[in-house]
Amino acid sequence: MSDTIFSKIVRREIPADIVYEDDEVLAFRDLNPQAPVHVLFIPKQPLATLNDATAGDAELLGKLLLATAAYAKQEGLAEQGYRTVINTNEDGGQTVYHLHVHLLAGRRMHWPPG
């Protein structure tokens, strides 16, 4: 996997508005927000795409989703609702090849998303 902007954020080589961190997960506000709340949750151990995950990554993927849900609850977003999105590869809308979960909230979401 190539070195990405997200890897540089994990290493603190470039700044980010970090809102959550534990031993395996880092979360920061998206620089191009698509909703009033738009936070990206990434594993510190890089995986390029969801396609690259294996059974050995199941615990890490679970921690990534649980961290997202815990943050939504902590910020009072859970009851009203929020959207989580994982884009995979070009047609899926992925632009940074470091697996990440988008947490979008603070407005009504529509379906289909686009």
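Refer to the structure presented above.
Okay, so let's go over this structure. Note that the structure is a prediction, hence the values are computed from the model and not measured.

### Examining unusual backbone geometry
Backbone torsion omega between tryptophan 111 and proline 112 reads 0 degrees, so that peptide bond is classified as cis. With respect to the element layout, proline 112 can be found in the segment after β5 (101–105). One non-glycine residue, arginine 12, lies in positive phi territory at about 65 degrees. Looking at where arginine 12 falls in the secondary structure, it is placed in the loop between α1 (5–10) and β1 (18–21). Its identity is not glycine, yet asparagine 89 carries a phi of approximately 65 degrees, on the positive side. On the secondary structure map, asparagine 89 appears in the loop between β4 (83–85) and β5.

### A closer look at the packing of aromatic side chains
Under the defined criterion, the tally for this structure stands at 3 aromatic pairs. Judged by centre distance (5.3 Å) and plane angle (70 degrees), the ring pair of phenylalanine 6 and phenylalanine 28 falls under edge-to-face. Residue phenylalanine 6 is found in helix α1, and its partner phenylalanine 28 is found in strand β2 (residues 25–29); the two are separated by 22 residues along the sequence. Like phenylalanine 6, the residue phenylalanine 28 is buried in the burial classification. A connected cluster of aromatic rings, assembled from ring pairs, spans Tyr20, Phe41 and Tyr71.

### Things to note about the sheet that holds β2
As summarised here, the arrangement of the 5 strands in space is β1-β2-β3-β5-β4, forming an open sheet in which the pairing is antiparallel. Looking at the sheet topology across the chains shown, the edges are occupied by β1 and β4. The sheet shows a mean angle of 20 degrees between the axes of neighbouring strands, taken without regard to direction. Here 5 bridges tie β2 to strand β3 (residues 37–43), and the two strands are oriented antiparallel to one another. Looking across to β3, one finds that alanine 27 is bridged to phenylalanine 41. In this fold helix α2 (residues 58–74) packs onto β1, β2, β3, β4 and β5, with an angle of close to 155 degrees to the strand it touches most, β3.

### Quick look at the pattern of salt bridges
For the structure on display, the rule yields 7 salt bridges. The structure contains a network of salt bridges with shared partners spanning Asp3, Arg11 and Glu13.

Definitions and cut-offs
- Residues numbered from 1 in each chain as written.
- Predicted model: local features only at pLDDT ≥ 70, side-chain atom pairs only at ≥ 80, totals over all residues.
- Heavy atoms only, no water.
- Helix = DSSP H or I, 4+ residues; strand = E, 2+ residues; numbered from the N terminus.
- Phe/Tyr/Trp six-rings, centres within 6.5 Å; stacked < 30°, edge-to-face > 60°.
- Buried < 20%, exposed > 50% of the residue type's maximum accessible area, 1.4 Å probe, protein only.
- Pairing = 2+ DSSP bridges.
- Axes fitted to C-alpha atoms, helices over the stretch in contact; angles between N-to-C directions.
- Contact = heavy atoms within 4.5 Å.
- Salt bridge = Lys/Arg side-chain N within 4 Å of Asp/Glu carboxyl O.

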